[in-house]
Amino acid sequence: MSNSKLLAKVNGHEITQKDLDFMKQSLSPEILRSFQGSEGDKAFLGEMINQKLMYLDAKANKLDENSEFKEQLASVTENLLTQLAIKQILNSVSVSEEEKKAFYEENRSHFLQGEKIEASHILVDSEEKANELYIKVEEGEDFASLASEHSSCPSKTSGGSLGQFGRGQMVPEFEQAAFSLELGEVSKPVKTQFGYHLIKLTGKQEAEQLHYESVSNDIEANLLSQKQHQAYQERIKSLLDKYPVEMM
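Basis of the calculations
Each chain carries its own residue numbering, running from 1 in the direction its sequence is written. Local features are withheld for residues below a pLDDT of 70 in this predicted model, meaning they are given only at 70 or higher, and side-chain atom pairs are given and counted only at 80 or more; totals for whole chains, interfaces and linings count all residues. As a rule here, side-chain values cover all heavy atoms of the structure and leave hydrogens and water aside. Numbering of helices and strands runs from the N terminus; a helix is a DSSP stretch of H or I covering at least four residues, while a strand is a stretch of E covering at least two. Radius of gyration: over C-alpha atoms. The globule rule applied is 2.2 Å multiplied by the number of residues raised to the 0.38 power. Relative accessibility thresholds used throughout: buried, under 20% of the residue-type maximum; exposed, over 50%; partly exposed, between the two (1.4 Å probe, protein chains only). Whether two residues are in contact is decided by their heavy atoms, any of which lying within 4.5 Å being enough. For the accessible areas, the method is Shrake-Rupley and the probe is 1.4 Å, while residue cover comes only from the protein chains on display. Under the convention used here, Asp and Glu are negative, Lys and Arg are positive, and both His and the chain ends fall outside the count. Just so you know, the charge point we use is NZ for Lys, CZ for Arg, CG for Asp and CD for Glu. Of all possible arcs, the one meant is that of the directions from the helix axis to the C-beta atoms.

Time to look at the overall build of the protein chain. Scanning the protein chain from terminus to terminus reveals nine helices and eight strands. For the protein chain, the C-alpha radius of gyration of 33 Å lies well beyond 18 Å, the compact-globule estimate for 248 residues. Taken over the C-alpha atoms alone, the protein chain extends approximately 95 × 55 × 45 Å along its principal axes. Looking at the protein chain as a whole, 27% of its 248 residues are labelled buried. Within the protein chain, contacts between residues at least 6 apart in sequence are counted, and of these 60% link residues at least 24 apart. Of the roughly 17,300 Å² of accessible surface on the protein chain, a fraction of 51% belongs to carbon and sulfur atoms. Averaging the positions of the 27 positive and the 41 negative side-chain charges in the protein chain gives two centres separated by 8 Å.

Okay, structure coming up:
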């Protein structure tokens, strides 16, 4: 459907599909959901006709010569011009591929994916119970089975598995113990605010350098924001030299 399709005329004033689409864009998704399909379009068109009638009547009654209208028009005009001027400044800035790659190379240390581990644990409320279970593990009993039977953590349903996590995601005591383990090793009881844990390291992923391609969009957004801010500030500085400002 063409945006220029004529939908109605009100005293010679045209209402097109483009006008209808523009009206829809100004409404919230919640309101739009209430006006779906052809019936919704009919309702929108009816309201646009109503508004066009009000406009024509307002013009006929010379409301555009009203002092309140002129004040509001001046305010709206000032705001639109201001936003347009800012938009032009922001749109004048771009980031080249060379700039992005240079930033990546100069800041490679910022694009490291931290070390991550996978671990399982058994949580009990006393050190004595934790020591008993530790001995059973040392004697060869299955860690997952012991977790399912004795752990008070909801992870017991998956044999104590906590999945993968990085530094800063667990309480300090737990994190320190977990990250110090060798693959397959089980810790002695570790006390935290939740109780006593036996921790088994089940997986380890060393820190790695993120590839440029995976962070290119983030770099562009960051550099673009910086350059836009700089362009805006430079423009303001030049305008301050041109237009005096007096603080009262």
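Taken together, the buried positions of helix α5 (residues 97-106) are Lys100, Phe103 and Tyr104. Along the axis of α5, the buried residues cluster in a sector spanning 100°; they form a single face. Away from the buried face of α5 by more than 90 degrees, exposed residues Glu98 and Glu106 are located. The elements touched by buried residues of α5 are β8 (208-209) and α9 (212-242).

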